[in-house]
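Each chain, letter by letter, is given below.
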Amino acid sequence: MPSQGKLAALLRLTRWREHVPFTIPLTVVGGLLAVEPAAAAVDWRLIMVLAGNALAMSFAFMINDIEDAPDDARDPAKRAHNVISSGLLSRREGQLATAAAGILAFLLFAAAGAYTLLLGAIMLALCYLYSAHPFRFKARPLTDVVSHALMLSGLIVATGFFAYDRAPGAVWLVIAAASLFSAYGQFYNQVADFNVDQQAGLRNTAALLGVGLTSLLGHASIALALVCMVAAILQGLFPVWLGTILLLGAFTCLLFPWEMDMRGNLAQDGGNMQRPGLIVANLAALCWLASNLGWLTIM
């Protein structure tokens, strides 16, 4: 039996705090976009996909920390954050836990249907290729952004949708918006980590384009994501009453100061909007889910 300290370290290795806040709303919205037009309700398949996506994201973050452990050991802050670099877990222990997470995610995707299994398998493959040597998509310009956008957002929405429907139609706008928001997150992280990544010899998009252009592309990604979301709203993909939830949530969040980004670092260049944005997204998604299940009545 692993000790309590080992279990705590394994939980830290999953870095669940960094991905669960976006995995939940993206999966839920994907499922609801499929069932709402038919006035149907989500069922156990959404639970399977949600658990599969959460484990797939854990799989991605676990591989990343295992593969980045030697580089993270050079930076005191990153060394303390990485349980492999800090010696709380051995590389072998991390690899075994990571394999278990990936296998379980695959089985959960399979339980939700053939299309979800296919998309989930692509997601898991990207999660592996993104960080693992010698592939290291994260160290390849442009490939790093595309793979990040797909595995950490676009495919999460898609797995939720395809568990129930095979014809996304205008839902591609939402998938595109989610992918673009994720691309922004990648650009933001690369700008924030630019100096450390340079010291580690990481040749990503920021290394190719420089901080200024990378930051500009991040802002462009946000703008395009908003255009896609507005187009999706105009297509009638979302209940009208969700607008009230979004406005109330946004107003409430603006009453409080936000200084940290999603990774817990001091925010820069608009990064302080990441956390309140996810809070509002979760509020809207869970209210929509409660309404779909008949737990919340909207007059």
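Let us look at the structure shown here. What you see is a predicted model; the values in this text were computed from it and never measured. (Residues numbered from 1 in each chain as written. Predicted model: local features only at pLDDT ≥ 70, side-chain atom pairs only at ≥ 80, totals over all residues. Heavy atoms only, no water.)

This part covers the overall build of the chain. Of the regular secondary structure elements, the chain holds 13 helices and 0 strands. Walking the chain from its N terminus toward its C terminus, one meets helices and strands in the order α-α-α-α-α-α-α-α-α-α-α-α-α. For 299 residues, the compact-globule estimate of 2.2 N^0.38 gives 19 Å, and the C-alpha radius of gyration of the chain, at 19 Å, lies within 12% of that figure. Seen along its three principal axes, the alpha-carbon backbone of the chain occupies a region of about 55 × 45 × 35 Å. (Helix = DSSP H or I, 4+ residues; strand = E, 2+ residues; numbered from the N terminus. Rg over C-alpha atoms; globule rule 2.2 N^0.38 Å.)

Time to look at empty space enclosed by the protein. Under the defined criterion, the tally for this structure stands at 1 cavity of 30 Å³ or more. Reported here for the largest cavity is a volume of approximately 90 Å³. What lines the largest cavity is simply Tyr184, Phe187, Tyr188, Val191, Ser215, Gly218, His219, Gln268 and Asp269. Among the secondary structure elements, those contributing two or more residues to the lining of the largest cavity are α8 (171-192) and α11 (211-234). If you tally residues by element for the lining of the largest cavity, the top one is α8, at 4 residues. In terms of residue class, the lining of the largest cavity is made up of 4 nonpolar, 4 polar and 1 charged. (1 Å grid on protein atoms, 1.4 Å probe; cavity = no way out; pocket = protein on both sides within 12 Å on 5 of 7 lines; lining within 4 Å. Points joined across faces, edges and corners; volume = space filled by probe spheres on them. Nonpolar A, V, L, I, M, F, W, Y, C, P; charged D, E, K, R; others polar.)

So, about the layout of surface pockets. Space inside the second largest pocket adds up to approximately 260 Å³. Lining the second largest pocket are 12 residues; nearest its centre among them are Arg15, Trp16, Arg17, Glu18 and His81. Every element with two or more residues in the lining of the second largest pocket is listed here: α1 (4-14) and α2 (16-35). Residue classes in the lining of the second largest pocket are distributed as 4 nonpolar, 2 polar and 6 charged.

The terminal C-alpha atoms of helix α6 (residues 114-131) lie 27 Å apart, and with 18 residues this matches the ideal 26 Å at 1.5 Å per residue to within 8%. For α6, the full list of buried residues reads Thr116, Leu119, Gly120, Met123, Leu124, Leu126, Cys127, Tyr130 and Ser131. Angular distribution of buried residues about the axis of α6 spans 160 degrees; they occupy a single face of the element. Facing away from the buried surface of α6 by more than 90 degrees, the exposed residues are Ala114 and Leu118. Against the buried residues of α6 lie α3 (44-72), α5 (91-111), α7 (143-162) and α8. (Expected span 1.5 Å × (residues − 1). Buried < 20%, exposed > 50% of the residue type's maximum accessible area, 1.4 Å probe, protein only. Arc of directions from axis to C-beta. Contact = heavy atoms within 4.5 Å.)

For α7, spanning 20 residues, the distance from its first C-alpha to its last is only 25 Å, which falls clearly below the expected 28 Å at 1.5 Å a residue. Along its length, α7 shows its largest kink, about 45 degrees, at Leu150. Burial runs high along α7: 17 of the 20 residues are buried. (Bend = angle between axes of the 7 residues up to and from the residue.)

Bringing the state of the cysteines into the picture now. For the coordinates displayed, the defined rule picks out 0 disulfides. In this model Cys253 remains outside any disulfide bridge; the closest cysteine sulfur is found in Cys287, 13 Å from its own. Of the residues examined, Cys253 reaches a relative accessible area of 9% and is grouped as buried. (Disulfide = S-S within 2.5 Å.)

The next thing to look at is the packing of α8 against α11. Contact pair α8 / α11: the axes reach a minimum separation of 8 Å and the direction vectors enclose 160 degrees. As far as their axial angle goes, α11 and α8 are roughly antiparallel. Relative to α11, the crossing made by α8 is left-handed. Broken down by class, the residue content of the contact of α8 with α11 amounts to 20 nonpolar, 4 polar and no charged. (Axes fitted to C-alpha atoms, helices over the stretch in contact; angles between N-to-C directions. Parallel < 35°, antiparallel > 145°, perpendicular 65-115°, else oblique. Left-handed = near helix turned anticlockwise from the far one by under 90°.)

Applying the stated criterion across every chain, the model contains 6 aromatic pairs. The interplanar angle of 75 degrees and the centroid separation of 5.5 Å between the aromatic rings of Phe161 and Phe162 together place this pair among those described as edge-to-face. Both residues of the pair, Phe161 and Phe162, count as buried. Here the aromatic residues Tyr115, Phe161, Phe162 and Trp172 are joined through ring pairs into a cluster of three or more. (Phe/Tyr/Trp six-rings, centres within 6.5 Å; stacked < 30°, edge-to-face > 60°.)

Before going further, it helps to spend a moment on the pattern of salt bridges. With the rule as written, the count across this model stands at 8 salt bridges. For Arg15, the salt bridge identified is with Glu18, shortest N-O distance 3.0 Å. Measuring nitrogen to oxygen at the nearest pair gives 2.9 Å for the salt bridge that ties Asp43 to Arg45. A single network of salt bridges, built from pairs that share partners, joins Arg15, Glu18 and Asp65. (Salt bridge = Lys/Arg side-chain N within 4 Å of Asp/Glu carboxyl O.)

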